[in-house]
Amino acid sequence: MPRTVLVTGGNRGIGLAIAQEFAKQGDRVAVTHRGSGAPDGLFGVQCDITDSAAVDAAFTTVEAELGPVEVLVANAGITDDTLLLRMSEEQFTRVLDTNLTGAFRCAKRASAKMLRAKWGRIIFISSVVGLYGGPGQVNYAASKAGLVGMARSITRELGSRNITANVVAPGFIETDMTDALPEARRAEIINAVPAGRLAQASEVAAAVTWLAGDSAAYVSGAVIPVDGGLGMGH
Ligand code: NDP
């Protein structure tokens, strides 16, 4: 049965691959963007997830056009890397406000309608950095680790209402975010990944669409790494 799916940051990168995979399955898919518009075939809604009123308005628009959001993929995220001693409080809180509080705003807004429908799927896009840390990434790692606690608390609160909350933790994926890495760092990463390569965004999308489906109804509070084995042994 087609569902209404909202993917934050679904205008490009991993979010776009996720949105396209849901669309391929026949779901009604909305994506948020911050002004770039939505790719063809996807319903776009402008929204900055650091703004609660904008989040509320985006959900209201999606509900009016496609119906209540049944699957939320909280994917939008940013990095702002620098070593701890150089990191300003503003750099820390800005990353938290987007990656963690932004996901909270969306999950809270989505869960009201999911509770009414007695069905819902919430999927947070975290990162291996949230599980194992990363140098220069205190802000990013804290934000991404926070998503795990949030998913598990939602599972405890809403699990009995057919609402699941899970985390997908990608390793290194070919997107604008990793294109920005210096060549030496990129080579270092490829060397450390047992799979010997970066992943395609579609490989993350496959895990997300599975979690959103009926066959994953008994999977909640889980963290699914899509990292080519990078996290093994930690
Ligand atoms: P990109 O940098 O390619 O895209 C980021 C997306 O987030 C864009 O759609 C961007 O919108 C959106 N976004 C950022 N800030 C906001 C905001 N305040 N409000 C609304 N939307 C916002 O990232 P990726 O596709 O690489 O990453 C997607 C997710 O996956 C992120 O959460 C990232 O942390 C995570 N991840 C990525 C990995 C990778 O290797 N690429 C590895 C592990 C996790 P806009 O176009 O308007 O800027």
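Look above for the structure.
Treat the numbers as computed from the prediction; the structure is a model and nothing was measured.

Novice: How should the packing of helix H1 (residues 13-24) against helix H8 (residues 201-212) be read in this particular structure?
Specialist: Packed helix pairs are characterised by how far apart their axes lie and by the angle those axes make with each other. H8 packs onto H1 with a crossing angle of 50° between their chain directions and a minimal axis gap of 8 Å. With respect to each other, H1 and H8 are oriented oblique. In this structure, H1 crosses over H8, and the sense of that crossing is right-handed. Across the interface between the two elements, Gly13, Ile14, Ala17, Ile18, Glu21 and Phe22 of H1 pack against Ala201, Ser202, Val204, Ala205, Val208, Thr209 and Ala212 of H8. Taken together, the residues that form the contact of H1 with H8 break down as 9 nonpolar, 3 polar and 1 charged.

Novice: Can you help me understand the pairing of strand S4 (residues 71-74) in this one?
Specialist: Looking along a regular strand, one sees the side chains alternate between the two faces of the sheet. Because side chains alternate across S4, one face comprises the buried residues Val71 and Val73, and the other comprises Leu72 and Ala74, equally buried. In this structure, strand S1 (residues 4-7) lies alongside S4, joined through 3 bridges in parallel fashion. Paired with leucine 6 across the two strands is leucine 72, which belongs to S4. When S4 meets strand S5 (residues 120-125), the two strands line up parallel, connected through 4 bridges.

Novice: Mind showing me how you'd approach the sheet that holds S1 here?
Specialist: Pairing between the strands of a sheet comes from backbone hydrogen bonds, and it takes one of two forms, parallel or antiparallel. Taken in spatial order, the 7 strands of this open sheet run S3-S2-S1-S4-S5-S6-S7, and their pairing is parallel. At either margin of the open sheet sits one strand with a lone partner, and together these are strand S3 (43-46) and strand S7 (223-226). On average, adjacent strands in this sheet sit at an angle of 20° to one another, irrespective of strand direction. Note that S1 and strand S2 (residues 28-33) share 4 bridges and pair parallel. By the bridge assignment for S2, threonine 4 is matched with arginine 28.

Novice: For this particular structure, what's the right way to read the pattern of salt bridges?
Specialist: Opposite charge on two side chains lets them pair, provided their charged atoms get close. Scanning the entire structure with this criterion turns up 13 salt bridges. The partner of arginine 28 in a salt bridge is glutamate 70, and the shortest N-O contact between them spans 3.5 Å. Taken together, the residues span a long stretch of sequence, with arginine 28 in strand S2 and glutamate 70 in the loop between helix H2 (52-66) and S4 at a distance of 42 residues. Glutamate 188 is paired through a salt bridge with arginine 185; the nearest N and O atoms lie 2.8 Å apart. Pair noted here: glutamate 188 and arginine 185 are both in helix H7 (residues 183-192), with a separation of 3 residues, about one helical turn. For glutamate 188, a relative accessible area of 49% puts it in the partly exposed group. Linked by salt bridges that have partners in common, Asp56, Glu63, Arg109 and Lys113 make up one network.

Novice: When you look at the packing of H2 against helix H3 (residues 89-117) in this model, what are you seeing that I'm missing?
Specialist: Where H2 meets H3, the closest approach of the two axes is 10 Å, and the angle between their N-to-C directions is 40°. When the axes of H2 and H3 are compared, the crossing they make is right-handed. Contact with H2, carried on its side by Ser52, Val55, Asp56, Phe59, Thr60 and Glu63, involves Arg105, Cys106, Arg109, Ala110 and Lys113 of H3 and no other residues of that element. Taken together, the residues of the contact of H2 with H3 break down into 4 nonpolar, 2 polar and 5 charged.

Parameters at a glance
- Residues numbered from 1 in each chain as written.
- Predicted model: local features only at pLDDT ≥ 70, side-chain atom pairs only at ≥ 80, totals over all residues.
- Heavy atoms only, no water.
- Axes fitted to C-alpha atoms, helices over the stretch in contact; angles between N-to-C directions.
- Helix = DSSP H or I, 4+ residues; strand = E, 2+ residues; numbered from the N terminus.
- Parallel < 35°, antiparallel > 145°, perpendicular 65-115°, else oblique.
- Left-handed = near helix turned anticlockwise from the far one by under 90°.
- Contact = heavy atoms within 4.5 Å.
- Nonpolar A, V, L, I, M, F, W, Y, C, P; charged D, E, K, R; others polar.
- Buried < 20%, exposed > 50% of the residue type's maximum accessible area, 1.4 Å probe, protein only.
- Pairing = 2+ DSSP bridges.
- Salt bridge = Lys/Arg side-chain N within 4 Å of Asp/Glu carboxyl O.

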